[in-house]
Amino acid sequence: MAEALLQIDSLVKRFGGLVATDSLSLDVQPGEVHALIGPNGAGKTTLIAQLSGFLKPDSGRVIFDRQDITGLPAAARVRLGLARSFQITSVLRDFSALDNVALAEQARQGHSFRFWRPARRDPALRNPGMLALEEVGLADRADTPAASLSHGEQRQLEVAMALGSDPRLLLLDEPMAGMGPEESVSMVALLRRLRGKRTMLLIEHDMDAVFALADRITVLVYGRAIATGTPAEIRANREVRTAYLGDTEV
Amino acid sequence: MPAVTSLGLLRPIMTWRVAVAIVVLALLGLLPWYAPWLETAGIINQRFALTVMTRVLILAIAACSLNLILGYGGMVSFGHAVYIGLGGYTVGILAHHGLGSGFVQFPLAILLSALFALAIGALSLRTRGVYFIMITLAFAQLLYFVGVGLEPYGADDGLTINRRSDFAGLIPDRGPDKFVAFYVLSFAVLVLVLGLVHRLVNSRFGMVLRGARSNDLRMQALGFPTFRYRLAAFVIAGAICGLAGALLANHTEFISPAMMHWTRSGDLIVMVVLGGMGSVLGPVYGALAFLLLEEFLPGLLRLVLGWLHDGTAAVIGRGPAGALDDWLRLAEYWQIALGAILIAVVLHARGGIDSLLGRAGRG
Amino acid sequence: MTLLIEQTLNGVQLGLLMFLLAAGLTLVFGIMDLVNLAHGSLYMFGAYFCATFTGWTDSFVLGALLALPASLLLGVFVEILVVRRLYRRDHLDHVLATFGLLLIANDLVRLVWGPDGRRIPLPAWLNQPIFLTPDLPYPTYRFAVILVGAAVALFLYWLVARTRTGMWIRAGASNRTMIGALGVNIEALFTLVFGIGAVLAGLAGLMAAPIVTVSIGMGDNILILAFVIIVIGGIGSIKGAFIAAMIVGMIDTLGRAMLPDLLKSFLSVAAANTAAPALSSMMIYLLMAGVLVWRPTGLFGARG
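Rules and cut-offs
- Residues numbered from 1 in each chain as written.
- Chains lettered and ligands numbered in written order.
- Predicted model: local features only at pLDDT ≥ 70, side-chain atom pairs only at ≥ 80, totals over all residues.
- Contact = placed C-beta atoms within 7 Å.
- Helix = DSSP H or I, 4+ residues; strand = E, 2+ residues; numbered from the N terminus.
- Axes fitted to C-alpha atoms, helices over the stretch in contact; angles between N-to-C directions.
- Parallel < 35°, antiparallel > 145°, perpendicular 65-115°, else oblique.
- Left-handed = near helix turned anticlockwise from the far one by under 90°.
- Pairing = 2+ DSSP bridges.
- Expected span 1.5 Å × (residues − 1).
- Buried ≥ 20, exposed ≤ 12 C-beta atoms within 10 Å, placed from the backbone.
- Core = buried A, V, L, I, M, F, W, Y, C linked by C-beta atoms within 7 Å.
- Nonpolar A, V, L, I, M, F, W, Y, C, P; charged D, E, K, R; others polar.

Q: Is there a simple way to think about the interface of chain C and chain B in this case?
A: Where the parts come together, the accessible area they lose is often given as the size of the interface. Between chain C and chain B, the contact holds 42 residues from the first and 39 residues from the second. Secondary structure elements with two or more residues in the side of chain C that touches chain B: α4 (91-113), α9 (218-233) and α11 (269-294) of chain C. With 16 residues, the single largest contributor to the side of chain C that touches chain B is α4 of chain C.

Following this line, the structure appears as structure tokens:
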């Protein structure tokens with residue numbers, strides 16, 4: 001097996017008496033789409049928060065590309081190539097769609113202690129921004145304020161922003177949350193286009209999407225990984241079926 | 001490239017807002033030249049007008065600096081007047097010891113304010129929300145009490161400055177010309193600061209600052225260590241406000257801890273919000289509105305009260321209406337009206353004057 | 001030694017007064033998430049009400065007892081007229097609108113009571129020393145303030161921790177929608193809490209009145225101290241407010257009492273007398289800054 005891009009090593013996070021992440025170990029291989037599923041409260045979003053640097057784990061390590069990043073702040077992780085999207089849409093609502101992706105590009109280009117030239121007229125930001133919007137199919141909405149985009153469009157913009165830093169690993173926290181069927185279809189199509197080009201750790205409740213996209217799936221219950229395997233293996237796993245999939249008829 | 005045409009290019013360049021901005025700035029800039037005419041026309045005393053308006057210009061500079069962090073950065077600093085005090089005290093203390101050169105006083109005032117802003121910001125920006133409001137207030141009170149405790153420099157009573165900053169004789173610091181010269185200097189500084197803020201907020205730096213205001217976590221997730229950018233903005237704002245303080249000390253020829261009192265910081269916030277947060281010219285409108293209200297609201301109230309008295313007298317007769325003086329005396333309590341205006345603005349015109357202009361332009 | 005005990009008692013007395021003011025502020029802050037700069041004005045009104053009612057009734061005690069319902073009415077009136085429109089706004093709006101209220105309050109007092117300060121005369125039995133031990137005299141009035149303050153602090157603790165209203169208040173602080181779902185009239189609850197805060201502020205004001213002069217703006221500076229206290233204690237925490245108020249009361253009193261002598265050893269007498277009160281005030285703000293740097297949500301605060 002090749003060297004893992006992301007390696008999670010007996011990670012623990014407690015909130016008072018609740019163990020949200022229970023000595024969890026997990027690895028993500030370069031190039032794969034690794035899906036994380038589990039019932040509500042399994043600790044998926046808590047895990048993403050620890051991986052992206054918004055929460056400090058109580059113990060354990062996070063290794064990204066052979067480097068221990070456990071104590072690194074969020075922004076520094078992005079610069080190493082680990083970007084995330086949010087479960088609750090968190091685009092910059094006051095800014096236009098193009099502004100949002102241009103900011104992602106701006107972050108990628110290094111520090112922003114540049115005080116003089118107008119950023120909104122800088123082709124070095126606007127052109128890559130437009131490309132990023134085209135990639136997710138939002139080019140014609142470039143000048144629309146993010147707050148006025150539909151929910152589905154905001155989710156797409158969210159992914160485009162995460163892509164903007166040209167990450168080596170993309171953490172996607174329920175990209176299809178709250179989407180209607182049509183919007184889901186276009187999001188799945190978008191993620192399928194990215195498949196093979198980007199390594200992804202995907203959290204998603206939509207099982208059709210997960211089984212269509214994932215190379216490997218890890219099932220999380222009460223902060224612990226109870227199984228990891230290919231979609232077929234997970235489907236066949238009895239423990240998983242009883243713990244989680246039992247009543248969903250996959 | 002498809003559709004890069006920003007909407008801005010399609011909009012007419014000359015909007016109502018821009019027109020008002022140009023007119024206001026022109027009226028401000030040309031005041032020394034038409035003030036004599038105002039006096040001959042019996043509207044207002046020339047020197048009085050210049051004195052009041054100089055104060056407007058200087059506080060507009062201070063409000064602009066607060067707008068940078070409050071309007072664009074979302075940082076509700078409740079201790080911004082402290083930098084006015086720092087700038088003022090630098091000028092006052094140096095002058096007190098016979099060091100009168102503005103080329104020394106002003107850079108030092110700016111530098112000192114920036115350094116204090118760096119220290120205060122580095123500690124305060126670790127907190128959020130209301131704790132940030134309160135910790136900036138605490139630091140301001142700290143320095144306020146330093147001023148109160150400075151016996152050699154007048155403590156509570158403050159210190160009179162005997163000579164204004166000397167700019168190698170380039171700007172007259174005595175005689176009748178000094179009012180005009182100082183007005184022009186203040187206006188020039190204001191225009192420079194406006195230009196600087198305009199460039200800043202539209203630069204890459206400004207986009208990060210505004211992004212962090214809108215959603216700090218998202219900006220971090222994009223890879224911006226937002227703390228540094230917010231701190232940098234905090235320091236720049238402190239430095240500009242220190243400059244305003246140096247100007248104010250020259251204008252009033254007096255410094256005292258009262259310059260740093262928390263209610264002065266409150267005034268600055270009021271100016272920024274009254275004018276319109278996050279609009280480059282908003283603070284200028286805000287300072288104009290606030291100080292003109294302060295200066296002329298009593299007179300305005302007297303006028304209205306006079307009418308009311310006459311009206312009442314006409315309806316119910318002289319006797320019951322009471323003496324005119326009793327009515328006019330009510331105008332002393334103009335802060336009641338100011339407070340009511342403030343509450344009304346907060347409840348009903350949250351965007352401030354600048355957005356009202358924008359609305360008028362569209363309508 | 002006698003001096004130290006006396007100053008400590010003064011510190012306790014100031015601390016309890018500050019606690020009364022801060023308790024109302026932290027309740028309003030913690031439950032409605034409202035920054036109320038006009039809280040100091042309620043303190044001022046409490047003092048003026050008491051001055052007027054004392055004049056009418058010729059009795060400080062009666063005056064004080066009448067000033068309390070008056071403070072309650074004022075608080076409820078302000079809440080209904082202005083404050084309740086602010087709950088859904090952000091902190092900046094709170095700061096601005098209540099700053100406006102503060103401006104109105106100061107000028108209104110000037111209009112009604114005139115620009116001059118007032119002293120409230122104490123009845124003879126309060127105006128003499130009480131001997132705590134045969135050689136430790138202490139002003140009876142200050143001692144009474146300590147007793148009343150402590151009683152109110154205990155009552156507040158009982159109210160919040162032990163009663164149904166207190167349960168609503170605590171629930172309202174942590175979860176507004178839940179308390180709404182319980183069928184509690186949240187609007188009335190908020191008005192009630194604001195009213196309680198107004199009474200506490202009025203009580204602090206009227207108790208301070210015979211010690212300090214009743215004057216316009218008397219609430220402005222003490223308001224900031226009350227904010228310091230609730231921030232040190234942690235917003236919404238009555239316990240935190242109590243502990244912080246005691247610390248602040250002690251620092252202020254002991255600082256003013258001890259520092260001049262300390263400073264005189266290396267400053268001129270005049271400079272020391274100016275610097276000492278300033279320095280003890282500074283120590284309070286330094287303490288607050290230190291606490292916030294160390295614990296960004298205060299000693300007992302949970303929320304950011």
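Alright, that's what it looks like, and here's the rest.
Q: In this structure, what is going on with the packing of helix α4 (residues 123-136) of chain A against helix α5 (residues 151-164) of chain A? I would like to understand it.
A: Any two packed helices are characterised by how steeply their axes cross, that is the angle between the axes, and by the distance between the axes. Residue and element names in this part refer to chain A. Where α4 contacts α5, the axes come no closer than 9 Å and their chain directions differ by 130 degrees. When the axis of α4 is compared with that of α5, the two are oblique. Seen along the crossing, α4 lies across α5 with a hand that is right-handed. Residues Ala-132, Leu-133, Glu-135 and Val-136 of α4 lie in contact with α5, whose contacting residues are Gln-156, Val-159, Ala-160, Leu-163 and Gly-164.

Q: Got a minute to help me understand the sheet that holds strand β1 (residues 6-15) of chain A in this structure?
A: Consider a sheet: its strands pair through backbone hydrogen bonds, and that pairing is either parallel or antiparallel. Residue and element names in this part refer to chain A. If you walk across this open sheet you meet the four strands as β2-β1-β4-β5, and the pairing is antiparallel. Each edge of the open sheet carries a strand with a single partner, namely β2 (18-28) and β5 (67-68). Pairing of β1 with strand β4 (residues 59-64) involves five bridges; the strand directions are antiparallel. Residue pairing in the sheet places Ile-8 in a bridge with Val-62 of β4. Each of β1, β2 and β4 is contacted by helix α1 (residues 44-52), which is oriented at about 60 degrees to β2, the strand it contacts most.

Q: What is the right way to read helix α16 (residues 334-348) of chain B from this model?
A: In an α-helix, one full turn covers 3.6 residues, which means residues spaced three or four apart are oriented alike. Between its terminal C-alpha atoms α16 of chain B stretches 21 Å, which fits the 21 Å expected from 15 residues at 1.5 Å a residue. Of the residues making up α16 of chain B, those classed as buried are Trp-334, Gln-335, Ile-336, Ala-337, Gly-339, Leu-342, Ile-343, Val-345 and Val-346 of chain B. For α16 of chain B, the elements touching its buried residues are α12 (262-275) and α13 (282-316) of chain B together with α4 of chain C.

Q: Explain the nonpolar core to me, please; I cannot follow it from the model alone.
A: Side chains of nonpolar character tend, in soluble globular proteins, to be buried together. Counting 292 residues, the largest nonpolar core has Ile-61 of chain B together with Leu-21, Val-228 and Ile-229 of chain C as the members making the most contacts within it. Among all residues touching Val-228 of chain C, those that are not within four sequence positions of it are Ala-138 of chain B together with Val-248, Ile-284, Tyr-285 and Met-288 of chain C.

Q: Is there a simple way to explain the interface of chain A and chain B in this structure?
A: Counting residues at the interface gives 36 residues for chain A, matched by 27 residues for chain B. Mapped by element, the contributors of at least two residues to the side of chain A that touches chain B are α2 (74-80), α3 (97-108) and α4 of chain A. Among the elements that line the side of chain A that touches chain B, the one with the most residues is α3 of chain A, at five residues. Class assignment for the residues of the side of chain A that touches chain B results in 19 nonpolar, six polar and eleven charged.

Q: Would you take a moment to explain the environment of Ser-59 of chain A for this structure?
A: Relative to the helices and strands, Ser-59 of chain A resides in strand β4. Linking Ser-59 of chain A and Leu-11 of chain A, residues 48 residues apart in sequence, is a C-alpha distance of 5.8 Å.

Q: Where do I start with unusual backbone geometry in this structure?
A: Residues and elements named next belong to chain B. For Ala-155, which is not glycine, the phi dihedral falls at a positive 45 degrees. Position of Ala-155 relative to the elements: it lies in the loop between α7 (129-149) and β1 (159-160). Judged by C-beta crowding, with 20 C-beta atoms within 10 Å, Ala-155 ranks as buried. Positive phi, normally seen in glycine, also occurs at Ala-168, with a value near 50 degrees. Within the fold, Ala-168 resides in the loop between β1 and α8 (177-202).

Q: I tried to follow the arrangement of the chains on my own but got confused; where do I start?
A: Here the protein chains form two pairs of chains in contact, of which the pair with the most contacts is chains B and C. In this assembly chain A lies apart from chain C, the nearest approach of their C-alpha atoms being 13 Å.

Q: Before we go on, may I ask you to explain the pairing of strand β9 (residues 216-221) of chain A in this structure?
A: When a strand is regular, its side chains alternate between the sheet's two faces. All names here are of chain A. Alignment of strand β3 (residues 33-37) against β9, held across four bridges, turns out to be parallel. Directly across from His-34, in β9, lies its bridge partner Arg-216. Where β9 meets strand β10 (residues 224-229), five bridges bridge the pair, whose relative direction is antiparallel. Directly across from Val-221, in β10, lies its bridge partner Arg-224. Linkage of β9 to β10, two consecutive antiparallel strands, is achieved through a turn of two residues, within which Tyr-222 is found at a positive phi near 50 degrees.

Purely spatial values, then, with no claim about function.
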